[in-house]
Amino acid sequence: MIRTNAINKVGFGSKSISAEWLVVRYFLISLSISIVLRSNTAAVDGFIAELGNVSAALASGKGFADVFGDASGPTAWCPVLNVVCYALVFKIFGIKSVAAFWALITFRCLLFSVALWWLLKLEYAPNFDPYKICLFPIFLCYTTLVIYRTGPKDSMFSIFLSVFTIYVLVGCWRDGINNHRIALFILAILLPLASITLAIGVVILLTAMFLMQKSQINSRSISVAAITLLLMTLSFGWWGLSNQARLGPVSYTHLRAHET
């Protein structure tokens, strides 16, 4: 596991508080703020046009389609993970319903709460570690000013996965990738379906990690890295082949014809 302080507390100076209780407070406060800021706009939010449209099509049994509205055809416009999460909520609470809106708002607060927990669990420089409690107001201000003023959208997934990636890579650096292989495998499957940029970043950083820790490389760590790369390739390849089967090969001539 990633090293954290032994008593699992964060604090300011001599005062300390449970990291888990701080995260619960964040969730309750952030959900309350979201309700206040969005209470008058839930019914007309639209669920973010492209993401909402594709998710509604998937929940309706049409697959990945209708990014620009009904009958606009199959698409690969939105990240798979985002669409699947939205579609599951639509299936349970109703497609683009007010109940689905609030379920997604609650889900967003939950994702950010987990992200805050990961940030609090990391071990920072000794001079800064006693003041990790400051992450609470900073993270709350950021999410309130930048995120909570809008409806649920792709940023809820990108921020969550970015923090998860940092958390896992820091653990790999400190403890070796073999000790975090399960988390790496999860990232390898999810990132190509949510953020190609983060997936590429993981590959680059793992490569740099190997180069900087040559003396610690062994057969098990090489196997974990190889499996991680294989899972990324399979995840990305599956989505690519699926798109090709649904959309057909896309040629330069076809793209030019579509533009004109």
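Scroll up to find the structure.
Residues numbered from 1 in each chain as written. Predicted model: local features only at pLDDT ≥ 70, side-chain atom pairs only at ≥ 80, totals over all residues. Heavy atoms only, no water.

1. Remarks on the packing of helix 4 (residues 98–121) against helix 6 (residues 155–175)
Keep this limit in mind: Between N-to-C directions, angles span 0 to 180 degrees; the directions come from axes that are lines fitted to C-alpha atoms, helices contributing only their stretch in contact. Secondary structure counts use DSSP, requiring at least four H or I residues in a row for a helix and at least two E residues in a row for a strand, with both numbered from the N terminus. Here the angle decides the label: under 35 degrees means roughly parallel, over 145 means roughly antiparallel, 65 to 115 means roughly perpendicular, and every other value means oblique. Each crossing gets its handedness from the near helix: less than a right angle anticlockwise from the far helix is left-handed, clockwise is right-handed. Contacts between residues were defined by any pair of non-hydrogen atoms, one from each residue, lying within 4.5 Å. For this scheme, ten residues count as nonpolar: Ala, Val, Leu, Ile, Met, Phe, Trp, Tyr, Cys and Pro. Four count as charged, namely Asp, Glu, Lys and Arg, and the remainder, Gly too, count as polar.
It is at 9 Å that the axes of helix 4 and helix 6 come closest, and there the two elements cross at 20°. Overall, the two elements helix 4 and helix 6 adopt an arrangement that is roughly parallel. In this structure, helix 4 meets helix 6 at a crossing whose hand is left-handed. Residues Leu104, Phe107, Arg108, Leu111, Phe112, Val114, Ala115, Trp117, Trp118, Leu119 and Lys121 of helix 4 pack against Ser155, Met156, Phe157, Ile159, Phe160, Val163, Phe164 and Tyr167 of helix 6. Partitioning the contact of helix 4 with helix 6 into residue classes produces 16 nonpolar, 1 polar and 2 charged.

2. As for the nonpolar core
In plain terms, the rule: Among buried residues, those of type Ala, Val, Leu, Ile, Met, Phe, Trp, Tyr and Cys that are joined through side-chain atoms within 4.5 Å constitute a nonpolar core. Using a 1.4 Å probe on the protein chains alone, a residue whose accessible area is under 20% of its type maximum counts as buried, one over 50% counts as exposed, and one in between counts as partly exposed.
Among the nonpolar cores identified, the biggest contains 70 residues, and Tyr26, Phe90, Phe112 and Ile177 are the most heavily contacted of them. A total of 13 residues in this core trace back to one element, the largest contributor, which is helix 4. For Phe112, the contacting residues outside a window of four places in its chain are Tyr26, Phe139, Thr143, Ile147, Tyr148, Ser155, Met156 and Ile159.

3. Quick word on a nonpolar patch on the surface
Test applied: Think of a patch as exposed residues, more than 30% relative accessible area, with no salt bridge, where like charges cluster within 9 Å and nonpolar side chains (Val, Leu, Ile, Met, Phe, Trp, Tyr) cluster within 5 Å. Using a 1.4 Å probe, accessible areas were evaluated by the Shrake-Rupley method; residue-level cover was limited to the displayed protein chains. The salt bridge criterion pairs a side-chain nitrogen of Lys or Arg with a carboxyl oxygen of Asp or Glu, the two atoms within 4 Å.
Among the surface-exposed residues, Ile196, Ile200, Ile204 and Phe236 lie close enough to one another that they form a single nonpolar patch of about 380 Å² accessible area. With 3 residues, helix 8 (residues 196–212) is the largest single contributor of residues to the nonpolar patch. Positionally, Phe236 belongs in helix 9 (residues 219–247). Residue class for Phe236 comes out partly exposed when judged on its relative accessible area of 48%.

4. Points about the packing of aromatic side chains
Selection rule: We call Phe, Tyr and Trp rings a pair once their centres come within 6.5 Å, taking the six-membered ring for Trp, and we label the pair stacked below 30 degrees between planes, edge-to-face above 60, and tilted otherwise.
Summed over the entire model, instances satisfying the criterion amount to 13 aromatic pairs. Both rings, one in Phe68 and one in Trp77, keep their centres 5.0 Å apart while their planes meet at 80°; by these two values the pair is edge-to-face. Where Trp238 meets Trp239, the ring centres are 5.7 Å apart and the plane angle is 40°; that geometry is what we call tilted. Trp238 gets classed as partly exposed once you look at its relative accessible area, which sits at 48%. In textbook terms, an aromatic cluster arises when at least three aromatic residues are bridged by ring pairs, as seen for Tyr26, Phe112, Phe136, Phe139 and Tyr148.

Don't take any of this as a statement about function, it's just geometry.
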